[in-house]
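Listed here are the chains, written in short residue letters.
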Amino acid sequence: QVQLVESGGGLVQAGGSLRLSCAASGSIFSINAMGWFRQAPGKQREWVAQIISGGRTNYADSVKGRFTISGDNAKNTVYLQMNSLKPEDTGVYYCRNLASGYWGQGTQVTVSS
């Protein structure tokens, strides 16, 4: 019922920026229940950021102050603005609809040192 498609990943040098997008379709979209996760090679998937009811946002300590999650209901899209990227930010980034539990397919982010 819910389809999520991530985009915007790529290769960037340390200190650079990327903006990831997560476009939703197939059901009513709410920016108040979306999250971003990432999985580095050989590691478990970890939570990065979320936007919940009332537009409140939360971030993992590792990205706090560098990443910003936002949404555009008119476009049914959630974004993750990533600044001051570090090599340890490298991984596949996934968005998730927290209401349904559906995951997107992921987009690769590679940060070179």
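The notes below deal with the structure included here.

So, how was this worked out
- Residues numbered from 1 in each chain as written.
- Predicted model: local features only at pLDDT ≥ 70, side-chain atom pairs only at ≥ 80, totals over all residues.
- Heavy atoms only, no water.
- Salt bridge = Lys/Arg side-chain N within 4 Å of Asp/Glu carboxyl O.
- Buried < 20%, exposed > 50% of the residue type's maximum accessible area, 1.4 Å probe, protein only.
- Core = buried A, V, L, I, M, F, W, Y, C linked by side-chain atoms within 4.5 Å.
- Helix = DSSP H or I, 4+ residues; strand = E, 2+ residues; numbered from the N terminus.
- Contact = heavy atoms within 4.5 Å.
- Pairing = 2+ DSSP bridges.
- Axes fitted to C-alpha atoms, helices over the stretch in contact; angles between N-to-C directions.

## Considering the pattern of salt bridges
Okay, step 1: For the coordinates displayed, the defined rule picks out 4 salt bridges.
Okay, step 2: A salt bridge links glutamate 46 to arginine 38; the nearest nitrogen and oxygen atoms lie 2.7 Å apart.
Okay, step 3: Classification of glutamate 46 by relative accessible area gives partly exposed; the value is 36%.
Okay, step 4: You can call arginine 38 buried: its relative accessible area is 4%.
Okay, step 5: Here lysine 64 makes a salt bridge to aspartate 61, at a shortest N to O gap of 3.1 Å.
Okay, step 6: The class of aspartate 61 is exposed, set by a relative accessible area of 66%.

## Here we look at the nonpolar core
Okay, step 1: Counting 25 residues, the largest nonpolar core has Trp36, Val48, Phe67, Ile69, Leu80, Met82 and Tyr93 as its most contacted members.
Okay, step 2: For this core, the elements supplying multiple residues, two or more each, are strand 3 (18-25), strand 4 (34-39), strand 5 (46-51), strand 7 (67-72), strand 8 (77-82), strand 9 (91-97) and strand 10 (107-112).
Okay, step 3: For this core, the element with the highest residue contribution is strand 3, accounting for 4 residues.
Okay, step 4: Residues in contact with phenylalanine 67, not counting those within four places in the same chain, are Arg38, Val48, Tyr59, Leu80, Gln81, Met82, Asn83, Leu85, Asp89 and Tyr93.

## Things to note about the sheet that holds strand 3
Okay, step 1: The strand order across the open sheet formed by 4 strands is 1-3-8-7, and the pairing between neighbours is antiparallel. Each edge of the open sheet is held by one strand with a lone partner, namely strand 1 (3-7) and strand 7. When the angles between neighbouring strand axes are averaged without regard to direction, this sheet yields 15°.
Okay, step 2: When strand 1 meets strand 3, the two strands line up antiparallel, connected through 5 bridges. Bridged to valine 5 within strand 3 is alanine 23.

## Topic: unusual backbone geometry
Okay, step 1: Of note, asparagine 76 is a non-glycine position whose phi angle comes to about 50°, a positive value.
Okay, step 2: Relative to the helices and strands, asparagine 76 resides in the loop between strand 7 and strand 8.
Okay, step 3: By relative accessible area, which is 29% here, asparagine 76 ends up partly exposed.
Okay, step 4: For serine 84, which is not glycine, the phi dihedral falls at a positive 50°.
Okay, step 5: With respect to the element layout, serine 84 can be found in the loop between strand 8 and strand 9.
Okay, step 6: Judged by its relative accessible area of 42%, serine 84 falls in the partly exposed class.

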